[in-house]
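Topology and contacts: notes
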Amino acid sequence: MSVLSISDLAVTYAAKSGDVPAVRGVSFDIRKGEVLGLAGESGCGKSTIAGAILRLHSPSTKIDGTILLDGEDVLAMKPGRLRAVRWTGASIIFQGALHALNPVQRIGAQINEAITIHQMASDRGAQVRAGELLEQVGLPSRRIDDYPHELSGGQKQRVMIAMALACSPSLVIADEPTTALDVMVQAQVLRLLRSLERDLGLAMLFITHDLSVLVEVSDRLAIMYAGKIIEEGSAKTVFTSPVHPYTKALAAAFPSIGDVRFRRKPAGLGGDPPDPQKIPSGCPFHPRCPVAWDDCAHIVPELWAAGEDRRASCLLAEGAPATSGTGASTG
Amino acid sequence: MKTEELQEQPQPEPGPLPELRSPRQITWTRRRLALSRFWSRYRRSPMGVAGLVILLIFGATAILSIFADQSTLSKVAVTEADIAPCTFRELPCPPNANNILGTDADGRSVFWLVVHGARMSLLVGLVASVITMVIGSLVGIVAGFVGRFSDTVLMRMADFLLVIPWLALAIVLASIFGQNIWVVIGIIGFTSWPGAARLIRAQTLSVKEHLYVERSKALGAGSWYVISRHILPNVMPIILANAILVVAIAILSESALSFLGLGDPLRVTWGTIIEEAFSRGATSIGAWWWLLTPSFCIVTVVLGFTMVGYALDEIINPRIRER
Amino acid sequence: MGTQRYVLGKIFQAFLTLFFILTFNFFLFRVIPGDPVALLTKTSGVELSGEQQQQLRDDLGLLDPLPTQYVGYIADTFRGDLGVSTFVEPGEQVSTVFFRDLPKTLVLVGTSTIASVALGLVLGAYGGWRRGRALDLSAMSGSLILYSMPEFVLGILFLLLFTKYLHLFPSGGYKSVTGNATGLAYIADVLNHLFLPWITLTLAYVGEYYLVMRSSLLDVMGEEYISLARAKGLRDKLVLRHHAARNALLPTVTLIALSFGFVLGGAITVELVFSYPGIGKLSFDALRKHDFPVLQGTFLVFSLAVLVANLIADVLYGYLDPRVRSSA
């Protein structure tokens, strides 16, 4: 039974210059206890998905498709039900190190708020629970009376995590939780997330642009490009033997010290991600693809099977239709 | 070595330049393009356009008033024909076909009073604003750029002036230096600079943070070079936007000073018209045309400057549109 | 405790500024060209011989060396001796005159400030939150127009409308000249006279406060903690009250405090329009009659008022923003 089930999700922003299709048809499932990593460069639409799940976008943004949270259709919920489901069904961990915490409110009060709003405890009970949550993330409970500016970046991120767990949600969405942190602190926070996820059996959607982080934390991986998923499968498979050229480039861009795979030439991808209002024909990646050929500009790829428990939307995939062009050597 | 274009250009250049030009020509072409881009953005703000229209109308009035007949300001040159159909005993005369905005208690046409008043009121506003912005910019940039001791001293001075209620100070200064249009301008200019200085100092500090200033200094650029080439161009937009808003405040201040009788008795401004009307009992006899016409002018002109200032502010500090 | 240090620090700064104001006041009036005694004799029409003039100068302390005068001035001020009025209330102690007139201005300015701030902040928060809707558009236009109006123009408008044409309110003063009403009738009479100047001062500044609060709220609305609050499932109103407005209040309080000097200036002109016998009208009369002791006194009182207002605002800000309390 999936905690989160997304089918054909399409999110279009309304801007002065016209519609911006940030997400153009995304589907995935997350089961209980599973961590799905969602990776991609900035602007590929991954953070948009996070906002869409709890319907946090402005009313002018069009959302099509189906989002089922614990079996309920989020997009069909009435405002009252939506408010009740927020945080109890799914919660979000923002980049806390910046300004995701209200600077004039004590952190204990901010955690309390989540609990009392959903009437899960009295004020007294909520305070106690807030202290417990802080302990769970490795902070002393007496810090519930601190203000955000009295905490370091890593500590603020832990508070964000504690807050996200306050109502025992089925799904936790982590939106770039480690991006703004130092590498050492990143590692600590990742370890924390992993252990919490294991102990509490959470379903987690982990969004980031840093693939090396995802590999440590996810069970499954989905790579996004230009508003669509272009490769997905088990984390290990996708990372160690990527099929899609974009995934390959992404994997190579985050070398790990000591990992023999990166001893060879340094990688990097030229060009920029496409403007959502001007997506190239055929495969959206073909202008930047090092192994593209003529068919790539004409055929819009779908997620074809590409090995055991893995799909990729590239003509190089095993399950892709045969083409007349010359296939370049697969990496 | 060519100077770098320092301001961010959000959109790409529209097409290649037709031919090779000298660096100076390229810079000026860029500036003209930047200006036209600015204008197309400004045009989209209804508040900005409305404000600009108001200012143009009043500005034209003020300029044209230089060529208008000055005798309409004279109290003694009034004839029976001027005030018809009222007689000398029925003054001030309500609006009629002869004087569309009526007359004052001496028979002068309110319309012409207000037209001439436009010249003085706008002059005071503009000159006072220039004084305020010049002092404020000097203080703000020096305080922000040099920092430390001069910053503390200058800001303490500014804070001190901010504590003193300006009208009380103006009253005292006027009783010392007399009632002269230049004293009025000076008082307004010298009491308004702290606000501008604070703003410009903040902007200077944030510009200073930017790396290219550091780089310039590392390359050995002198302070003057850094200020004129890096700081000024990036602080100038705020200075200009603020200057517009300060004109509005200056006009309001001048009217208050004149209303208290501290204005120049030899010049006609909208404020002095209201002062004379009020002190000669226009409210009790109900001579609303005498009181409300200059009032309307003040309100409209200040509104014009404020709207233009707001529109400029929106372009310079665009706000993220949320919800 | 961070808070105590912060408050004490602000009070100390206020005293320092007060000292500078007194010094400034002292030297300001020494700069006045002309001999005050000669001016006195000229305007009062009393002929004094050269010897008598010197005696008068000695009495006024003008013959003492400057430092002595200065110390004397400071000491006198702290004792409450602000000198003797020359022309407005000849012979009366300036402090006595202030005792009579200051409360009236306090009532007027105090109540109108509270009203305009409260109204401006609440409307500004709602207007900014629902930007572009009916409330915001009408309030914004109204605020812009009110902001562009000098206070006395608004006063004259009301005077014409409500007194001259509608005969609803008296044209000025503090209470009716005739009759000796007491108790409730007296209060009603005072309120009747107070209403027009009060509504003038309130409306004159509510526009500015609306615009400032609205602008501040718009800045806050883009912050991530607002999205977080919504994601937690809070109703819109709660997000506004607990998160958006509380943060938008911070720069607004500072700006309101800075504008208090202008509020006092407005009070002077409004008191003049309605002949309301407060400190403002007093300073105007003193100006007309060149009564320098009174002018010096009113300058001090006004500066003190702004100082106190800023102090209150600073302390309030410290209460609202925990970041300034945790001192460097």
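Computed from a predicted structure; not experimentally measured. (Residues numbered from 1 in each chain as written. Chains lettered and ligands numbered in written order. Predicted model: local features only at pLDDT ≥ 70, side-chain atom pairs only at ≥ 80, totals over all residues. Heavy atoms only, no water.)

**Regarding the overall build of chain C**
Scanning chain C from terminus to terminus reveals 14 helices and zero strands. By residue count, 48% of the 328 residues in chain C fall in the buried class. Of all intrachain contacts in chain C linking residues separated by at least 6 positions in sequence, the fraction that spans at least 24 positions is 74%. Taken as a whole, chain C presents about 15300 Å² of accessible surface, with 67% of it coming from carbon and sulfur. (Helix = DSSP H or I, 4+ residues; strand = E, 2+ residues; numbered from the N terminus. Buried < 20%, exposed > 50% of the residue type's maximum accessible area, 1.4 Å probe, protein only. Contact = heavy atoms within 4.5 Å. Areas by Shrake-Rupley, 256 points an atom, 1.4 Å probe, with all protein chains shown as cover.)

**Some thoughts on the overall build of chain B**
Secondary structure assignment for chain B yields twelve helices and zero strands. For chain B, the proportion of its 323 residues judged to be buried stands at 50%. For chain B, the share of sequence-separated contacts (at least 6 apart) that also reach a separation of at least 24 residues comes to 71%. Approximately 16300 Å² of chain B is accessible, and the part contributed by carbon and sulfur atoms is 65%.

**Concerning the sheet that holds strand E4 (residues 62–69) of chain A**
Residues and elements named next belong to chain A. With antiparallel pairing, the four strands of this open sheet are ordered in space as E2-E1-E4-E5. The sheet terminates laterally at strand E2 (18–31) and strand E5 (72–73), the two strands that pair on one side only. Sheet topology places E4 next to E5; two bridges connect them, and they run antiparallel. In the sheet register, Leu68 faces E5, and the bridge partner there is Asp73. Contacting strand E1 (2–15), E2 and E4, helix H1 (residues 46–53) crosses the sheet at an angle of about 110° to E1. (Pairing = 2+ DSSP bridges. Axes fitted to C-alpha atoms, helices over the stretch in contact; angles between N-to-C directions.)

**A short note on the interface of chain C and chain B**
Listed by partner, the interface residues are 51 residues for chain C and 46 residues for chain B. Of the roughly 4500 Å² buried between chain C and chain B on both sides combined, carbon and sulfur atoms contribute 76%. At the boundary of chain C and chain B, one finds zero salt bridges. Counting across the chain C and chain B interface gives one residue pair in polar contact (both at pLDDT 80 or more). If you list the elements that add at least two residues to the side of chain C that touches chain B, you get helix H1 (2–30), helix H6 (134–148), helix H7 (151–165), helix H8 (183–221), helix H10 (236–258), helix H11 (260–273), helix H12 (279–289) and helix H13 (292–320) of chain C. Examining the composition of the side of chain C that touches chain B, we find that eight residues originate from one element, H7(C), more than from any other. Of the residues assigned to the side of chain C that touches chain B, the class counts are 35 nonpolar, ten polar and six charged. (Buried area = accessible area lost by both parts, 1.4 Å probe. Salt bridge = Lys/Arg side-chain N within 4 Å of Asp/Glu carboxyl O. Polar contact = N/O pair within 3.5 Å; in protein donor to acceptor, adjacent residues only side chain to side chain. Nonpolar A, V, L, I, M, F, W, Y, C, P; charged D, E, K, R; others polar.)

**Section: the sheet that holds strand E11 (residues 304–305) of chain A**
All names here are of chain A. Taken in spatial order, the eight strands line up as E6-E7-E8-E3-E9-E10-E12-E11 in an open sheet, and their pairing is mixed. Edge strands, defined here as strands with exactly one partner in the open sheet, are strand E6 (90–93) and E11. Inspection of the sheet shows E11 paired to strand E12 (residues 310–312) by two bridges, in the antiparallel sense. Its bridge partner being in E12, Trp304 is matched across the sheet by Ala312. This element, helix H9 (residues 245–252), spans strand E3 (35–39), strand E9 (220–225) and strand E10 (228–234) of the sheet and lies at about 105° to E9.

**Thoughts on the side chain of Asn112(A)**
Relative to the elements of secondary structure, Asn112(A) occurs in helix H3 (residues 107–117). Leaving out residues up to four positions away in the same chain, Asn112(A) has contacts with Ala126(A), Gln127(A) and Ala130(A).

**Some points on the packing of helix H1 (residues 23–43) of chain B against helix H12 (residues 288–316) of chain B**
All names here are of chain B. At their nearest, the axes of H1 and H12 sit 10 Å apart, and the two run at 120° to each other. By the angle between their directions, the pair H1 and H12 is classed as oblique. Along this stretch, H1 crosses H12, giving a crossing that reads as right-handed. Here Phe38, Arg41 and Tyr42 of H1 come into contact with H12, specifically with Val308, Ala311, Leu312 and Ile315. Considering only residue class, the contact of H1 with H12 consists of six nonpolar, no polar and one charged. (Parallel < 35°, antiparallel > 145°, perpendicular 65-115°, else oblique. Left-handed = near helix turned anticlockwise from the far one by under 90°.)

**Focus on helix H6 (residues 183–200) of chain A**
Every α-helix carries 3.6 residues per turn, so stepping three or four residues along brings you back to the same face. Residues and elements named next belong to chain A. Along its 18 residues, H6 runs 26 Å from first to last C-alpha, staying within 8% of the 26 Å computed at 1.5 Å per residue. Considered for burial, the residues of H6 that qualify are Gln186, Val189, Leu190, Leu192, Leu193, Leu196 and Glu197. Down the axis of H6, the buried side of the element spans an arc of 160°, and every buried residue falls inside it. Turned more than 90 degrees away from the buried face of H6, the exposed residues are Met184, Arg198 and Asp199. (Expected span 1.5 Å × (residues − 1). Arc of directions from axis to C-beta.)

**Thoughts on the side chain of Thr200(C)**
All names here are of chain C. Looking at the secondary structure, you find Thr200 in helix H8. The class for Thr200 is buried, based on a relative accessible area of 0%. One polar contact links the side chain of Thr200 to the main-chain carbonyl oxygen of Leu196, over a distance of 2.7 Å.

**Let's talk about the pairing of E3(A)**
All names here are of chain A. Extensive coverage of E3 is indicated by the burial of five of its five residues. Taking every second residue as pointing to the same face, both faces of E3 are buried, with Val35, Gly37 and Ala39 on one and Leu36 and Leu38 on the other. As paired elements, E3 and E9 share four bridges and run parallel to each other. Bridged to Gly37 within E9 is Leu221.

**Structural notes on the environment of Val115(B)**
All names here are of chain B. With respect to the element layout, Val115 can be found in helix H4 (residues 110–146). Taking the C-alpha atoms as reference points, Val115 and Ile141, 26 residues apart in sequence, are found 39 Å from one another. The residues contacting Val115, other than those within four sequence positions of it, are Thr61 and Ser65.

**Quick look at the state of the cysteines**
Residues and elements named next belong to chain B. A complete count under the given rule lists one disulfide over all chains for this structure. Through a disulfide, Cys86 is tied to Cys93; the S-S separation comes to 1.7 Å. Since a negative S-S torsion denotes a left-handed disulfide, the Cys86-Cys93 link at about 65° is right-handed. Residue classification places Cys86 among the buried positions, given a relative accessible area of 13%. (Disulfide = S-S within 2.5 Å.)

**Some remarks on the packing of aromatic side chains**
Within a pair of aromatic rings, the relevant descriptors are the distance that separates the centres and the angle that separates the planes. Summed over all chains, the structure comprises 18 aromatic pairs over all chains. Seen in terms of ring centroids, Trp39(B) and Tyr42(B) are 5.8 Å apart; in terms of plane orientation they differ by 20°. Their pairing is stacked. Of the two residues, Trp39(B) and Tyr42(B) are both situated in helix H1; the distance of three residues between them amounts to about one turn of the helix. Judged by relative accessible area, which is 39%, Trp39(B) ranks as partly exposed. What makes Tyr42(B) buried here is its relative accessible area of 3%. One aromatic cluster is present, built from ring pairs that chain together Phe160(B), Phe19(C), Phe20(C), Phe24(C) and Phe299(C). (Phe/Tyr/Trp six-rings, centres within 6.5 Å; stacked < 30°, edge-to-face > 60°.)

**Thoughts on a positive patch on the surface**
On the surface, Arg130(C), Arg133(C), Arg235(C), Lys237(C) and Arg241(C) cluster together to form a positively charged patch. Inspection of the secondary structure puts Arg241(C) in helix H10. (Patch = residues over 30% accessible without salt bridge, like charges linked within 9 Å, V, L, I, M, F, W, Y side chains within 5 Å. Lys, Arg positive; Asp, Glu negative; His and termini not counted. Charge placed at Lys NZ, Arg CZ, Asp CG, Glu CD.)

**Topic: the pattern of salt bridges**
Residues and elements named next belong to chain B. The full count for this structure, using the stated rule, is 27 salt bridges over all chains. The closest approach of N and O atoms between Arg280 and Asp106, which form a salt bridge, is 2.9 Å. Placement of Arg280 in the loop between helix H10 (270–279) and helix H11 (282–285) and of Asp106 in the loop between helix H3 (80–83) and H4 is noted, with a sequence separation of 174 residues between them. Residue Asp106 is classed as buried on the basis of its relative accessible area, which comes to 18%.

**Thoughts on the environment of Val35(A)**
Along the chain, Val35(A) turns up in strand E3. For the pair formed by Val35(A) and Gln186(A), sequence separation is 151 residues and the distance between their alpha carbons is 18 Å.

**Points about the confidence of the model for chain C**
As a general rule, the predicted coordinates of low-pLDDT regions are not to be interpreted in detail. Averaged over every residue, the pLDDT of chain C is 84; residues scoring 70 or more account for 89%. The ipTM assigned to the predicted complex is 0.85, against a pTM of 0.85. (pLDDT = per-residue confidence, 0-100.)

**Topic: the pairing of strand E8 (residues 203–208) of chain A**
Residues and elements named next belong to chain A. Judged by how many residues are buried, E8 sits mostly within the fold: six of six residues are covered. Of the two faces of E8, the one carrying Ala203, Leu205 and Ile207 and the one carrying Met204, Phe206 and Thr208 are both buried. Relative to E8, E3 runs parallel, the two being bridged by five bridges. Along E8, the bridge assignment pairs Leu36 with Leu205. Relative to E8, strand E7 (residues 171–175) runs parallel, the two sharing five bridges. Paired with Leu171 across the strands is Ala203, a residue of E8. Following the backbone out of E7, through H6 and into the adjacent parallel E8, one traces a crossover that is right-handed. (Right-handed = clockwise from strand over helix to strand, strands pointing away.)

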